[in-house]
Every structure is written in structure tokens, then in C-alpha cells.
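The residues making up each chain are set out below.
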Amino acid sequence: MIQLPFDKEIDIRMLENVFDDMTNSYKIFWFLGVFEEIINNKITITFKEVVARMIVKAWYPLLNYNLNFGPQDQMAKNVKKIYKEHIKDKNITNSNLYRELCDTDNKEIERIMKDFYRYVPYRLLRGFYKKELRGVKDGIINKSIEELASNDNKVFYKINTLKQKIYINENWYNYIRKNQNIIRGWANYNLILFLQNRNPSVPAIPLKLEAPIERNLTVAKKYWNTVIENIPITDIYTGELFNIENYNENGPLSIDHFLPWSFIGHDELWNLVPTFRNVNSSKNDSLPKYDVYIEDFSEIQFKAINFMRSQKNSKKYLQEYLSIDKNLDIKEIMSVNRELNKDKFIRDLKSVINPLYQIAYNQGFNEWTYNISNKDIIIENKELEGSIIIGSNLWEK
């Protein structure tokens, strides 16, 4: 648990308790929106600016990583509506998205954003006045909070409903700017807890709060280049050998995440395979259809590790495979005098891939196959209703 720094000018306990019993995401995103505006030197902030920040913060977790915000979460519903009907770019930069939302004259986007104005600015302050609001009817909660804050010199911010603005208390403004790194970490920690509760089986939640970072696959490319230069390897998607002729036709060597990086959140070798750049670009962040590719994927993984175990300085590569079998001994793998059990290796690899694939499928990642006959890409879009449970035997051939 991250502790907020003490400050004699403010009662930090009021802020520490605002996310207790949080059932929807809007409160944490509103705080993060206000926080970002303060960091940008604003003490008077419009509702629209904060809501734009909220949407920016939720954009990537929702659209690129398919995280679940809960079945009744209006934040998720509104962001997806803006994306599907208006701003149809999942990879838009944060700054461009913020500017587009703040400057929009699109009536539908403005209507969606104003939907947040009705309750969200007031709900964050509700925790500041638990005693005073006890017994107050829902219909006048907002008005009561605005009035209480207007006469309070210690509250986080005051609200002007008519002008649709908030005014940050100077002591709070100084406190947040002074402790911004700690406060950002504290707010993100609370957001992670919220998302983990709603995505209990999804890996790498902390890596999925922001836009994807550029990944360095130099080590993986070196590993697979070494394999390809020494033993014949075919691409699992096209069935074509990695050679000059096929590179010219399909693009240079590219490293593919079998389970999409946007789901798995790491670059460990057991999930990486070589392919051609054109194929990888078309596959994007889809799931390769399991029963079509899992056998070839497992086979190429075994060929690679079985070859690399006899090479000098390969220990750094092979250690990444230890996570597929906790009983696997690196010394045993490196011992060329002992045959590596192929059946066990493939069985263990599938036992790791299988449940993760199933979770990603349930989460809404598209399935993909490569049509070799005409080199068209087929994307199978799924309309999911509820949670899909797929028995493990379905995936074993």
C-alpha cells in the first residue's frame, strides 16, 4: 500500500479514503484527470478538460488491452462509443486525443462527455462530507456538495455547476505538484486494484495502464537468426522457409508474439516465433487460431531449444524457458549428453499457452488465420455474450 506524504496544511486522510468501496471506475479516472490538469499548471479547470483526461486515461486499457471495467461501468461504455462511432483510431496519441476531445464541435461527442458532468465532479468530494451528507436525498446531493465545498477552505476543490468548472484549493494544488510522483503512483495503484478485481486472470495489469511502449526484440531476433542459419525452419503461418527468396516476397524476418503482447505483456522466448514482416503486420494483435497453429508452434519451439542447448553462451536464452516447467533444470537442458524429452517439452509448453489463450479469447481478442492459397488475411470477429468456458481438450490434437 502506497502512503501519501503528510502535510500540515491539508487533511490527507480525506483523499486517502475516497476510493474505498469503489464499484465504478469514474471516480478514479476523474481524480487522475484533475491530477493531470494540475500537473499542467491549472488551478481553474473546466469539466470538459477533466473528462477529456478521463477518456485519454481509459482509452488504451479498454481498446488496446480489452480490459473489463465491470458490466455496468459507464466509463467503458462511453469510451467505446466514442471510438466506434467517431474517433476510430485505437493508437491515437494521448496528446492528439486530448486536443481532439477538448476542441470537438461534434454534438454527439459533446453529449457523451456532458453525461459525466451530472454526477462525477461531485462524487469525488462526497467522501469529504460523509457526516454532513448523511440522510440527504439523492436528488439534492450535488447541490449540497457544491454548497458545502463553497464554504470550506480545506476541501480539495470548489465546484461551479453553472460555469462547469472546478477551482483547486491552493494548498492542495501545491501539495499535488510537490508530491506528484508519489501521488501518481498511489492513484495508479488504486486503479490497478480496481482492474485486477475485474480481470483476475489477466496478466501484467500494471503494464496496461498506458499506451504500449516500443519493444526491443533484438535478443529474440538474434536467437532466431542463429537457429535459422543452422537448421531449416519454416514459418508456422505460411509454411515457407526462411530464405532470401521468401524474404523478398513476404518481407524480412520479424518476431511474432504468439499470444499478443497486448495481452501477455512480456517478450519471453517461449511465446515468440519468427515470421515475415508482412504476415506479422497483418496478424497485428490477433490470436492465431489455436487448433491450426499450435502443433507447428510447439514443433518450432522444440527445434530451436534443442539446437540452442548445444551452443556456447546459450544459457541466457534457455533460462526463459524455465517458466514453462518449474521442475526443469537448466543443467539438464544444457547437457548435450542427455536427450531432451520432446513430448514432455511440448506438453509443458501447451499447458502454459492453453489457459492463457483461453483467457485472451474470452477477453475478446480476435482469432486469425493466414490463407496460404491467396495470401489473404482472415480475421474472425467474435460477438461474445458473457464468459466463455472452453474445455482444455478442445485445444489438444
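Definitions and limits used
- Residues numbered from 1 in each chain as written.
- Predicted model: local features only at pLDDT ≥ 70, side-chain atom pairs only at ≥ 80, totals over all residues.
- Heavy atoms only, no water.
- Helix = DSSP H or I, 4+ residues; strand = E, 2+ residues; numbered from the N terminus.
- Buried < 20%, exposed > 50% of the residue type's maximum accessible area, 1.4 Å probe, protein only.
- Areas by Shrake-Rupley, 256 points an atom, 1.4 Å probe, with all protein chains shown as cover.
- Salt bridge = Lys/Arg side-chain N within 4 Å of Asp/Glu carboxyl O.
- Core = buried A, V, L, I, M, F, W, Y, C linked by side-chain atoms within 4.5 Å.
- Contact = heavy atoms within 4.5 Å.
- Pairing = 2+ DSSP bridges.
- Axes fitted to C-alpha atoms, helices over the stretch in contact; angles between N-to-C directions.
- Expected span 1.5 Å × (residues − 1).
- Phe/Tyr/Trp six-rings, centres within 6.5 Å; stacked < 30°, edge-to-face > 60°.
- Lys NZ or Arg CZ within 6 Å of the ring centre and 35° of its normal.
- pLDDT = per-residue confidence, 0-100.
- Polar contact = N/O pair within 3.5 Å; in protein donor to acceptor, adjacent residues only side chain to side chain.

**Regarding the overall build of the protein chain**
Consideration 1: Summing up its helical and strand segments, the protein chain has 18 helices and eight strands in all.
Consideration 2: Within the protein chain, the fraction of its 397 residues that count as buried is 47%.
Consideration 3: For the protein chain, the exposed surface amounts to about 20400 Å²; the carbon and sulfur share of it is 46%.

**A look at the pattern of salt bridges**
Consideration 1: In the structure shown here, the tally under the stated rule is 16 salt bridges.
Consideration 2: Close ionic contact of Arg-184 with Glu-36 constitutes a salt bridge, the shortest N to O distance being 2.5 Å. In this pair, Arg-184 is assigned in helix H10 (residues 180–198) and Glu-36 in helix H2 (residues 26–39), connecting sequence segments 148 residues apart.
Consideration 3: Across the pair Glu-295 and Lys-350 runs a salt bridge, and its minimum N-O distance is 2.8 Å. One end of the pair, Glu-295, is in helix H15 (residues 290–308); the other, Lys-350, is in helix H18 (residues 342–363), and 55 residues separate them in sequence.
Consideration 4: The class of Glu-295 is partly exposed, set by a relative accessible area of 30%.

**A word on the nonpolar core**
Consideration 1: Ranked by size, the top nonpolar core spans 127 residues in total, and within it Trp-30, Phe-31, Trp-59, Phe-156, Ile-166, Ile-168 and Tyr-223 carry the most contacts.
Consideration 2: Excluding residues that lie within four positions of it along the chain, Ile-168 makes contacts with Val-34, Ile-38, Lys-42, Ile-43, Ile-45, Phe-156, Tyr-157 and Tyr-173.

**Comments concerning the sheet that holds strand E3 (residues 165–168)**
Consideration 1: Taken in spatial order, the three strands line up as E1-E3-E2 in an open sheet, and their pairing is antiparallel. Edge positions in the sheet fall to strand E1 (44–46) and strand E2 (157–160), since each of these pairs with one other strand and no more. Averaged over all adjacent pairs, the angle separating strand axes in this sheet is 25 degrees, with direction ignored.
Consideration 2: Across three bridges, the pairing between E1 and E3 is antiparallel.

**Some words on H10**
Consideration 1: With 19 residues, H10 extends 27 Å from end C-alpha to end C-alpha; this agrees with the ideal 27 Å at 1.5 Å per step.
Consideration 2: Turning to H10, its buried residues are Ile-183, Trp-186, Ala-187, Asn-188, Asn-190, Leu-191, Ile-192, Phe-194 and Leu-195.
Consideration 3: Contacts from the buried residues of H10 go to helix H1 (13–16), H2, helix H3 (47–63) and helix H9 (170–178).

**Observations regarding the packing of aromatic side chains**
A ring pair, where both rings are aromatic, is described by two values, the distance of the centres and the angle of the planes.
Consideration 1: In this structure the tally under the stated criterion is 27 aromatic pairs.
Consideration 2: Judged by centre distance (6.2 Å) and plane angle (75 degrees), the rings of Trp-30 and Phe-47 are edge-to-face. Separated by 17 residues along the polypeptide, Trp-30 in helix H2 and Phe-47 in helix H3 bring together distant segments of the chain.
Consideration 3: Given the relative accessible area of 1%, Phe-47 is considered buried.
Consideration 4: Each ring, one from Phe-156 and one from Tyr-157, has its centre 5.2 Å from the other, and the planes form 50 degrees; the classification is tilted. Here the two residues Phe-156 and Tyr-157 agree in accessibility, since each one is buried.
Consideration 5: Taken together through their ring pairs, the aromatic side chains of Phe-19, Phe-31, Phe-35, Phe-128, Phe-156, Tyr-157, Trp-172, Tyr-175 and Trp-186 make up a single cluster.
Consideration 6: Over the ring of Tyr-98 we find Arg-53; its NZ or CZ atom is 3.8 Å from the centre of that ring.

**Things to note about the pairing of strand E5 (residues 272–276)**
Consideration 1: For E5, the tally of buried residues reaches five of five residues, placing the bulk of the element in the interior.
Consideration 2: Side chains Leu-272, Pro-274 and Phe-276 project from E5 onto one buried face, and the interleaved Val-273 and Thr-275 project onto a second face that is buried too.
Consideration 3: Bridging between strand E4 (residues 253–257) and E5 involves five bridges; their strand directions are antiparallel. Looking at the pairing, His-257 lines up with Leu-272 of E5.

**Section: the environment of Asp-20**
Consideration 1: Among the structural elements, Asp-20 can be located in the loop between H1 and H2.
Consideration 2: Among the residues examined, Asp-20 registers a relative accessible area of 41% and is labelled partly exposed.
Consideration 3: The sequence separation of Asp-20 and Gly-127 amounts to 107 residues, and the corresponding C-alpha distance is 9.1 Å.

**Let's talk about the confidence of the model for the protein chain**
Consideration 1: Summing up the model confidence of the protein chain, the mean pLDDT is 87 and the portion of residues at 70 or higher is 89%.
Consideration 2: Of all secondary-structure elements in the protein chain, the lowest mean pLDDT belongs to strand E8 (residues 376–380), at 48, while E1 reaches the highest, 98.

**Concerning the environment of Phe-345**
Consideration 1: Locating Phe-345 in the fold gives a position in helix H18.
Consideration 2: Taking the relative accessible area as the measure of exposure, Phe-345 reaches 6% and is therefore buried.
Consideration 3: Through-space distance from the C-alpha of Phe-345 to that of Phe-302 is 7.2 Å; in sequence the pair is 43 residues apart.
Consideration 4: Ignoring sequence-local partners within four residues, the contact set of Phe-345 consists of Ser-298, Gln-301, Phe-302, Ile-305, Tyr-321 and Ile-324.

**Some remarks on the side chain of Lys-283**
Consideration 1: Here Lys-283 lies in helix H14 (residues 277–283).
Consideration 2: Within the local environment of Lys-283, its side chain forms a polar contact with the side chain of Asp-256, the two groups lying 3.0 Å apart.
Consideration 3: Not counting residues within four places of it along the chain, the set of residues in contact with Lys-283 comprises Tyr-237, Asp-256, His-257, Phe-258, Pro-288 and Trp-368.

**As for H2**
Consideration 1: A rise of 1.5 Å per residue sets the reference length of H2, with its 14 residues, at 20 Å; its end C-alpha atoms lie 20 Å apart and thus fit the reference within 8%.
Consideration 2: Every buried residue of H2 is accounted for by Lys-27, Ile-28, Phe-29, Trp-30, Phe-31, Leu-32, Gly-33, Val-34, Phe-35, Glu-37, Ile-38 and Ile-39.

**With respect to the side chain of Thr-238**
Consideration 1: Among the secondary structure elements, Thr-238 is positioned in the loop between helix H11 (218–230) and helix H12 (244–250).
Consideration 2: A distance of 2.8 Å separates the side chain of Thr-238 from the side chain of Asp-235, its partner in a polar contact.
Consideration 3: At 3.2 Å, the side chain of Thr-238 and the backbone nitrogen of Glu-240 are in polar contact.

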